[in-house]
Structure formats: C-alpha cells, structure tokens
Amino acid sequence: MTLHAIRIGAAVLLAGTLWGADVDKSGFENSALPVFRAKCIVCHSGAAPQGSLDLRTAQSALKGGKSGPAIQPGAPARSLLLERVVSKSMPPGPEKLSETEIAAIRGWIERTPPMATAAITEADVFPIFQMRCVVCHGKRKQEGGLDLRTRAAALKGGQSGPAIVPGNPAESLALKRILAGQMPPPKLLFEYFVRPPSSPEVDTLRRWIETGAAPAPPEPAAAKEYKPITEKDRSWWSFQPPKRPAVPEVRARGQVRNPIDQFLLARLEEKSLRYNPEASRLVLLRRVSLDLTGLPPTPEEVIAYERDTRPDAYERLVDRLLESPRYGERWAQFWLNAAGYADSEGIIDEDRIRHNAWRYRDYVIRAFNADKPYDRFLVEQIAGDELADYKHKKEADAETVEKLTATGFLRLVPDGTYSPANGSIPERMNVIADEIEVLSSTVMGLTVGCARCHDHKYDPIRQRDYYQMSAILQSAYDPYDWVKPTERNLDVAPVEEKQAVARWNEPIEAALKKKEEALAAKAKPLREQILKDRIQALPEAVRADLLQTAATAEKERTALQKYLAEKFEDILKITAEDLAKKFPETVAETGRARKEIAELRAKLKAKPDIRALYEMGGEPSPVFLLRRGDANSLGELMRPDTPAVLRAGLKPYQPAAPFPDTTGRRLGLAKWLTQPDHPLTARVMVNRLWMHHFGRGIVASPSNFGRTGVAPSHPALLDWLATEFVRNGWSLKKMHRLMVTSTAYRQSSAIDTAAQSADPDNTLLWRMPLRRMDAEQLHDSILLAAGRLDPTPFGEPVAVDSKPGGEILAKGSRSGWRRSIYVLQRRTTPMTMLEVFDLPPMSPNCIERSNSTVSTQALQMMNSEMIRERARFLAGRLMDEFPLQREKQIEQLYLRTLARRPTAHETAKALSDIDKLIPYWTDHLQSEQSAGPRQETARWSSLASFCHAMLSSAEFAFID
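Residues numbered from 1 in each chain as written. Predicted model: local features only at pLDDT ≥ 70, side-chain atom pairs only at ≥ 80, totals over all residues. Heavy atoms only, no water.

1. Some points on unusual backbone geometry
Thinking step 1. Cis rather than trans, the peptide bond between M183 and P184 has omega equal to -10°.
Thinking step 2. Tracing the chain through its elements places P184 in the loop between α9 (173–179) and α10 (186–192).
Thinking step 3. Even without glycine at this site, N762 takes up a positive phi of about 55°.
Thinking step 4. As for its placement among the helices and strands, N762 is situated in the loop between α34 (753–758) and β3 (771–772).
Thinking step 5. On the basis of relative accessible area, N762 is assigned to the buried category, the value being 7%. (Helix = DSSP H or I, 4+ residues; strand = E, 2+ residues; numbered from the N terminus. Buried < 20%, exposed > 50% of the residue type's maximum accessible area, 1.4 Å probe, protein only.)

2. Structural notes on the environment of T708
Thinking step 1. Mapping T708 onto the fold places it in the loop between α30 (681–694) and α31 (715–727).
Thinking step 2. What makes T708 partly exposed here is its relative accessible area of 44%.
Thinking step 3. It is 42 Å that separates the C-alpha atoms of T708 and S199, two residues lying 509 residues apart in sequence.
Thinking step 4. With residues near it in sequence (within four places) discarded, T708 still touches Y458 and D459. (Contact = heavy atoms within 4.5 Å.)

3. Description of the nonpolar core
The tendency in soluble globular proteins is for nonpolar side chains to be buried as a group.
Thinking step 1. Grouped together as the largest cluster of nonpolar side chains are 132 residues, with contacts concentrated most on W335, Y360, F409, W690 and L721.
Thinking step 2. Apart from residues no more than four positions distant in its own chain, Y360 is found in contact with W335, L336, A339, Y341, Q381, T405, A406, G408, F409 and L412.
Thinking step 3. If you look at the next biggest cluster of nonpolar residues, it comprises 48 residues, including A775, L778, L783 and L898. (Core = buried A, V, L, I, M, F, W, Y, C linked by side-chain atoms within 4.5 Å.)

4. Things to note about the confidence of the model for the chain
Thinking step 1. In the predicted model, the chain carries a mean pLDDT of 89, and the fraction of residues at 70 or more is 94%.
Thinking step 2. Across residues 1–24, where pLDDT falls below 50, the model places 39 contacts with residues more than four positions away in sequence or in other chains. (pLDDT = per-residue confidence, 0-100.)

5. Things to note about the packing of α30 against α31
Thinking step 1. Where α30 meets α31, the axes come as close as 9 Å, and the angle between the chain directions of the two elements is 110°. By the angle class used here, α30 and α31 are roughly perpendicular. On the side of α30, the interface is formed by A682, R683, M685, V686, N687 and W690, while α31 contributes L717, L718, D719, L721, A722, F725 and V726.
Thinking step 2. For the contact of α30 with α31, the per-class residue count stands at 10 nonpolar, one polar and two charged. (Axes fitted to C-alpha atoms, helices over the stretch in contact; angles between N-to-C directions. Parallel < 35°, antiparallel > 145°, perpendicular 65-115°, else oblique. Nonpolar A, V, L, I, M, F, W, Y, C, P; charged D, E, K, R; others polar.)

6. Considerations on helix α39 (residues 886–898)
Thinking step 1. Counted at 1.5 Å a residue, the expected span for α39 with its 13 residues is 18 Å, and the 18 Å between its end C-alpha atoms agrees.
Thinking step 2. Summarising burial for α39: 10 of the 13 residues are buried, a large majority.
Thinking step 3. Along α39, the residues that are buried comprise Q889, I890, E891, Q892, L893, Y894, L895, R896, T897 and L898.
Thinking step 4. Taken from the residues just after α39, A899 is the one with a positive phi, measuring 60°. (Expected span 1.5 Å × (residues − 1).)

7. A look at the pattern of salt bridges
Thinking step 1. This structure, assessed with the given rule, holds 61 salt bridges.
Thinking step 2. Among the salt bridges present, the one from R900 reaches E955, with a minimum N-O distance of 2.7 Å. Placement of R900 in the loop between α39 and α40 (904–924) and of E955 in helix α42 (residues 954–957) is noted, with a sequence separation of 55 residues between them.
Thinking step 3. Using a relative accessible area of 39% as the deciding quantity, one classes E955 as partly exposed.
Thinking step 4. Through salt bridges that share partners, R257, E278, E315 and R746 make up one connected network. (Salt bridge = Lys/Arg side-chain N within 4 Å of Asp/Glu carboxyl O.)

8. Things to note about the side chain of T741
Thinking step 1. Within the secondary structure, T741 is located in the loop between α32 (732–740) and α33 (743–746).
Thinking step 2. At a separation of 3.5 Å, a polar atom in the side chain of T741 contacts the main-chain carbonyl oxygen of L738.
Thinking step 3. With near-sequence residues (within four places) excluded, T741 lies in contact with R257, N258, Y314, E315, V318 and R746. (Polar contact = N/O pair within 3.5 Å; in protein donor to acceptor, adjacent residues only side chain to side chain.)

9. Things to note about the packing of aromatic side chains
Thinking step 1. With the rule as written, the count across this model stands at 23 aromatic pairs.
Thinking step 2. Where W690 meets F694, the ring centres are 4.1 Å apart and the plane angle is 25°; that geometry is what we call stacked. Of the two residues, W690 and F694 both sit in helix α30, four residues apart, roughly one turn of that helix. Each member of the pair, W690 together with F694, is buried. (Phe/Tyr/Trp six-rings, centres within 6.5 Å; stacked < 30°, edge-to-face > 60°.)

10. A word on the pairing of strand β2 (residues 634–638)
Each regular strand carries side chains that alternate between the two faces of the sheet.
Thinking step 1. Of all five residues in β2, four are buried, a share of seventy percent or more.
Thinking step 2. Inspection of the sheet shows strand β1 (residues 623–626) paired to β2 by three bridges, in the antiparallel sense. Residue pairing for β2: F624 is matched across the bridge by L637. (Pairing = 2+ DSSP bridges.)

And the structure:
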C-alpha cells in the first residue's frame with residue numbers, strides 16, 4: 001500500500017466514525033444511490049470496480065478511486081464525480097444521466113457533512129516544493145544556500161535562517177515569502193517557466209506547518225500490488241516469448257526457395273492455392289532496386305543484368321544492392337520516421353531549427369550500411385551516453401561521438417519548452433510522454449500511452465507501469481530540473497571538426513566584435529543622456545549611485561547595486577526604441593550597422609555539438625504517478641521498472657550504472673529490451689521489415705501488438721522470423737536477403753480470379769502486391785531518371801525555398817539536387833511534393849504511413865515547376881547524347897524511367913505524339929527567333945512534354 005493510499009484510508013476510517021448517522025442525513029440512499037444503481041454500479045462495484053471506484057455505499061464513494069476522492073463533501077463544483085457526469089464523459093456509451101439525476105447527485109454532495117481531515121505530512125508538501133521551488137532550491141542550484149528537496153533541509157534553511165518553523169507559520173520564511181509574492185521571484189517565473197503555488201497548495205503548506213511539519217510516514221515493508229497481473233493477462237500471444245516452430249512440409253516443393261515459402265505455402269495449400277508465376281527479370285530488377293535502395297536501376301544496370309545469365313544472378317544483384325551506400329539512405333528513412341525525426345522543434349509558430357539533429361540522421365544511415373546488429377543499434381540509441389565515459393575524456397574519439405549521437409533517438413519529438421509560454425512542467429511532461437510513445441511504438445509495438453491517465457482499457461498495462469517506465473527516462477529528462485531543448489547539447493565533436501569551424505568563425509567573430517563595440521560606443525553617451533534625464537527628480541545621492549550601477553557590469557555589481565538595479569529596473573533599462581525616439585537622427589546609421597551585424601552573424605557556422613540525451617547527474621528527482629495524467633496532481637512515488645505483464649520469463653529490469661555519475665536506468669532498459677527471448681523486440685522489427693517489403697505486416701497493426709491490434713496472419717512464420725533474426729546476430733541485411741530472395745517476393749502481381757475469390761485481400765500472399773512509390777521514392781527516382789541526382793552523402797540538411805506560387809522546393813546546386821533524406825525536414829514547411837504524396841507529420845512519429853489517392857497528387861505532377869524542370873533537363877540530355885537518333889532517344893527514355901525497352905508500337909506511338917506537339921510549341925515560341933533555332937527548340941519542348949508525361953505515368957509511379 002502506498003503512502004497516498006494510507007492517508008486516504010485513514011481519512012475514510014476517521015470519517016466513518018465521525019459520520020455515523022450523518023450518512024443518512026445526507027440522503028444518499030434516497031437520492032444518489034438510485035441513480036448509481038441505474039447508471040453506474042454496473043462498472044463501479046464488485047471485487048475489482050473500474051478505476052477502483054465503488055459507488056454502492058456513501059463511504060466507498062467518498063473514498064474514491066485511483067484518481068483520488070470522487071467527491072468533495074459540501075462542494076459539488078470541486079467533485080470529480082459530478083464533473084464527469086456533467087461533462088457527459090461518464091457513464092460511457094450513449095445513455096447519459098438526465099438533468100434530474102445529476103441534480104440528485106449534486107444535492108447529496110451539498111448535504112454531505114465535511115470529512116475529518118487526515119494529518120498532513122511531508123509527503124503532501126514535498127510535491128509542492130518539487131513543482132514550484134526546487135528549480136532554484138534543488139539539485140543543481142541552491143539559491144541563498146537553501147535546499148527544499150527534503151524536510152530536513154527545509155528545517156535547516158539557508159543563509160536567511162530556517163525555511164520552515166514547525167508550529168509557527170508566521171515565522172516560516174518559505175511561507176512568508178510565498179504569501180508576499182516574493183517566491184518564486186516574479187522575474188524568475190519567466191526565466192525558469194515555473195508557476196506560483198496555487199491557493200490550495202499554499203493552504204496545505206500552512207496547515208502542515210501549523211500541525212508541526214510532520215515527516216512522511218514510513219513506507220510499508222511490502223507494498224500491496226493493486227490490480228495484479230494474472231496468468232490470463234500474460235497468455236496473450238505477444239506477451240509470450242517467441243518459440244521457434246518447425247518448418248512445415250508442403251506439396252509444392254518446386255516453389256520453395258527458403259523456409260519463408262514453406263510457411264506461406266502451407267497456408268495457401270490449405271485453400272488449394274499456390275504462388276503466382278515468377279515475375280519477369282526486369283520487373284524483379286526494378287522491384288528489388290526500389291525496395292532496397294529507393295532508386296530505380298540505371299540503363300547501364302538494366303543492360304548488365306540482362307547480360308548476366310548465371311543461375312544466381314538475382315542473388316548477386318541482391319547482395320550488390322545491400323552493399324550499396326544507397327541502401328542505408330533508403331532504410332534509414334523508415335527508422336527516422338519511427339523515431340519522429342525532424343530538423344525543427346515544432347509546437348511554436350517559430351518552429352526553431354535544430355542545427356545539429358542531422359548528426360543523428362547520419363548515424364542511422366551509417367548504422368544501416370554497416371549492418372550494425374539491431375540489439376547494439378537499440379542499446380546505443382537508448383543509452384549511448386551510459387556506454388561512453390565522455391565526461392572524463394579531454395577529447396572525444398570517433399566511437400564516443402557515435403554513441404552520444406545515437407541518443408538523438410530520444411531527442412526528436414516536438415519540443416517547444418525553450419519558450420516561456422510552453423515551458424511549464426505540464427509541457428515538459430508532454431515531451432516525456434511523446435518520447436515514451438516513440439520508444440514503445442517503435443521498439444515494443446505497444447500503445448502504452450493510453451495508461452498515462454488511467455489503466456489501459458484493453459491491455460494489461462497499468463497506470464503505474466506507465467510511470468515506472470517514465471521514471472527510467474527521467475534521470476535524463478527531469479521535468480523538475482529541466483534544460484531547454486536549445487541548450488540540451490553536448491559540446492563534443494571530433495577535434496578536426498571543431499578546428500574547422502573555429503577557423504571559419506574566427507575572422508567573422510573578430511569583425512562582429514569590432515562592429516558591435518563601435519555601435520555600443522556610439523550609443524553610450526546617448527544612453528547616459530537618457531538616464532540623466534530620467535533621474536533628475538531623484539535625490540542627488542541616489543542619482544550618483546544609479547549612474548555608477550549603470551556603468552558597472554552586472555556580474556561585478558555590489559549588493560547595493562544589485563538592489564538598485566532591481567528597484568529601478570524600469571529607469572535603468574534603455575531600449576533601442578528609447579534611443580530611436582530620443583535621437584531620431586541616429587536611426588538610419590544604427591539600422592545600417594545592425595543590418596551588417598546580422599549579415600555577419602548569418603555567416604557563422606554553428607558549434608559542432610551533439611543533440612544528445614544524457615544523464616543530468618546527481619540524484620534524479622522523484623517520479624510520481626500523475627492522477628488523471630495531470631502534472632499538477634501528484635500521486636504515489638514511482639520506482640523505475642518495466643511493464644509487469646512482460647516480466648515473466650525474462651531477466652528482471654535492473655539499472656546498470658557503468659560509471660559513478662550515471663544511474664544506469666536507460667542502460668538497464670536497453671539490456672532488458674534486447675534479451676534474445678524478449679516477447680516483442682525481435683517480433684516487432686521483423687514485422688516492420690516484412691511490411692515494407694510486402695506492403696502489409698504479418699501483424700497488420702505494426703505499432704499495436706496488443707489486444708486491439710490485428711492478429712498475425714501467419715503467427716508461426718512471425719515467430720520463426722523473430723528467432724531467425726536473433727540467431728543471425730540481429731543482422732538486418734540477412735533478414736532483407738531472406739525476404740527478397742523468397743519465391744513469395746519474386747512472384748508476379750498478376751490477378752488470378754480463382755485465388756482472388758478464395759483470398760480477396762491477398763492475406764495469404766498468392767501474388768505480390770502492386771504498390772505505388774512512397775513520397776521519397778518518387779522524388780528521388782525522378783531526380784535519378786532526369787540525371788539531376790546529386791549523390792553527395794551526409795552533412796547538414798539542404799535548405800528549402802518557397803516559390804511565389806507557394807510550392808516548397810529543395811535548393812539545388814551545380815551538381816543537382818540531393819536525395820530527400822538530406823533535405824531540411826522542417827515541420828512547418830515540408831517539401832510540397834513529399835507532403836502531397838503522404839509524407840507523415842512527425843507528431844510524434846510514424847510507424848505506418850497512410851496511402852491516399854487524391855486529385856492534388858495529379859495536379860502536383862502536372863503543374864510542379866520542379867517536375868517540369870526535370871523533364872526539360874531529361875529531354876536536353878537525350879538530344880545531346882543521341883542527336884538525330886530519335887528512336888534511340890525513346891529507348892533511353894524508357895530505360896531511364898521504366899527500366900525496360902519500349903515495344904515497337906510504343907516507340908512509334910511516342911514519336912507520333914512528339915511530332916503532333918511540335919506545331920503547338922512552334923507557335924508558342926518567340927517570333928523573333930529564326931526558323932532554324934525555333935524548330936529545334938520546338939522539338940526539344942515537345943520531347944520535354946513527352947518526358948513529363950512519362951515521369952507522371954502510373955507505370956513510373958507504381959512498383960510492379
């Protein structure tokens with residue numbers, strides 16, 4: 001039993017003795033109880049009532065449930081139960097309480113005598129200090145020598161004496177300063193994003209001091225588990241460790257290339273079905289190239305593959321594609337979506353750029369290309385800072401930088417807490433909640449976010465499980481000791497990179513300093529004049545002190561000068577607007593100087609730091625269960641742990657601190673998740689690989705393996721793949737190779753009427769699904785086909801530009817345009833083409849994309865200036881490379897766009913269509929052009945129009 005439960009229980013027992021017959025006086029049995037019986041106790045009664053709230057008696061209703069007391073005697077407006085029925089959120093379902101029934105409950109609450117109050121202890125007051133005070137009087141900072149993290153420290157006090165005097169609120173400095181509005185200091189409310197204590201909190205603090213400032217009662221030796229996890233809960237398939245099944249025997253042995261085929265064929269043969277015939281060689285070439293690299297094959301690759309007649313030509317092709325650097329760029333994109341990657345903070349309209357997030361993107365690409373074992377990949381991302389003793393190294397080596405960069409995985413969700421309007425503790429809790437959502441959906445395939453406010457309604461994940469997981473992260477994400485996201489960076493980078501940035505910035509910084517000093521020197525006498533005018537009415541002694549205070553640097557001021565600076569802040573503060581108003585003749589010159597300074601600042605390169613998640617150091621702030629998910633309603637204290645339903649059969653979660661100044665909480669989580677027999681980790685990842693290759697996961701709800709998710713279509717195959725994944729050293733490339741070399745993957749997408757009738761959704765995979773390219777594939781394939789793809793890897797993201805018509809495009813260079821993964825992923829300005837073709841918004845992440853078919857997609861392909869430019873360039877290349885060889889131009893166009901040669905009919909039709917366009921372009925060209933150049937330009941424009949049509953065609957956009 002928790003301390004909170006003990007206090008509630010004591011209050012209820014005491015209330016029971018004081019109420020006695022008063023319960024009847026309230027009229028409970030004649031007013032509220034009939035309503036509860038009719039509408040409520042079907043859920044709120046029995047041995048395990050919903051939310052632990054039992055409404056069968058006045059005493060049990062008064063006791064409340066896990067969300068706290070259900071009623072406040074005599075105060076309907078503050079009663080949670082009444083709030084829920086008035087708002088119609090309770091009872092669930094269509095049948096709500098009538099106004100008469102609500103009035104009966106309200107009347108009962110009004111007539112209910114107040115309860116005797118349980119003793120207030122440190123356990124009640126500590127959360128108030130934690131929420132409102134410890135930012136200045138806590139772990140990293142102890143203003144005035146005062147620490148308010150414990151009762152003992154508060155009694156000891158600071159430089160001004162004891163903060164708390166038991167039994168004497170009037171002499172307790174902490175309470176006096178709060179009541180006077182001095183604490184938290186109004187000036188610091190803006191800087192530290194805290195809120196003053198509420199009236200109920202101040203009242204609680206006063207009553208605690210009045211009654212002797214009692215310490216917290218000791219925790220019971222053995223806390224009683226509420227809503228225990230049962231064997232039935234653990235029996236759900238995804239909560240059981242995967243067991244390697246026997247590979248089934250099948251009749252169609254000729255269609256078997258690896259065990260995947262046997263598992264699939266076994267199900268197909270149950271319905272007298274079999275695989276489709278194998279797709280043609282060039283269809284397979286294009287399919288697997290787009291799948292593994294996100295790019296179609298080049299004409300040279302098509303010709304080389306046609307000539308390769310070796311029996312294992314396809315397998316060799318797969319191996320080559322997996323070793324291509326383009327593989328990592330393709331498959332990193334899926335992981336970045338799952339992690340919620342973006343190059344900006346979001347939340348606020350400013351959408352501030354994260355100047356160093358791209359380092360994490362590059363880490364992921366390199367990890368995929370190097371085939372970093374998936375278990376190691378996870379450990380580095382969850383706890384890379386706990387693998388590297390970077391705090392005690394003078395210079396970080398490449399391995400340390402890599403591990404710290406990997407922790408960017410948990411730094412990617414929208415985060416506007418750098419702003420005072422969005423930096424309070426509830427907003428910080430939202431950031432932590434989003435990171436839990438990313439971690440759980442990406443790695444565990446569970447919707448644990450439902451348990452933030454209450455026990456999960458469908459899965460055996462309790463609210464306490466959620467906050468125990470939250471406690472694991474809060475040694476790094478401490479909401480009570482918060483570091484703004486714009487400042488939460490590690491000054492760690494390779495020496496050569498630091499030196500390169502320093503060399504670049506040094507002359508710019510010198511010029512900046514010179515210009516700023518010149519500007520300040522010109523403004524100094526003007527500021528002094530304004531200040532002298534403002535203080536004329538003050539006594540002479542005060543005037544002298546204020547002038548001296550203004551002339552003294554803030555860090556060098558005496559105690560008296562600090563007092564004067566605060567007291568006369570409005571007088572001493574002289575803004576640029578004040579200068580402009582007083583001395584308008586200086587405005588033009590000052591404006592030019594400021595513009596020059598801004599231009600210089602824009603040339604500075606950002607410091608090469610790392611956007612990492614790292615241990616804050618010291619003892620982490622305590623983590624509380626939040627009643628109803630409300631950051632201002634703290635419940636019982638939580639210890640770091642993993643969901644109870646997943647603990648059976650696994651080594652228990654154990655923090656694994658490798659260094660003295662770390663907690664090891666996240667490293668313990670990473671090790672717990674990567675146990676070979678973990679029920680979820682391997683299953684979730686192989687299912688996502690399958691989804692990206694075959695269009696739908698074996699579990700069709702890839703982020704939800706719980707009871708509301710879709711059951712696996714081939715459970716034995718899923719478990720075989722999961723165990724094979726682990727047996728192969730968690731190698732992603734080996735799993736790719738296994739999947740794309742199967743007969744299932746190599747079959748055609750043709751429709752078989754009989755098979756479609758037996759399995760209309762193709763759940764059993766009797767054909768390969770026909771799929772449209774996703775946004776990045778389409779964008780990058782157009783660049784490659786047009787010869788405009790710049791293959792430069794890694795580095796800072798490419799900026800985007802907004803065109804007059806509103807289209808957002810990536811900026812190019814002489815080398816062309818880079819792949820979409822390298823384009824700035826700004827939340828407020830996504831590239832138009834990617835957004836139109838279902839680029840997912842990162843809020844906080846995306847595991848499975850939607851796939852829409854809307855008119856704006858066709859309009860984008862038709863009218864985008866970017867696609868028109870690519871088509872014109874492609875036409876120009878064809879004419880330059882194959883002058884006067886019109887049939888060769890058409891052949892090359894087909895090879896570059898569709899990875900095949902045109903038929904004779906297609907060639908003739910293409911030439912005819914181009915010829916029909918020539919008169920149109922001739923008429924629309926400038927009349928001053930001579931006949932020869934105008935005719936040549938018309939031919940180029942006609943060919944460009946045909947190239948545009950090919951790039952916009954369904955055959956180009958779809959993967960057969």
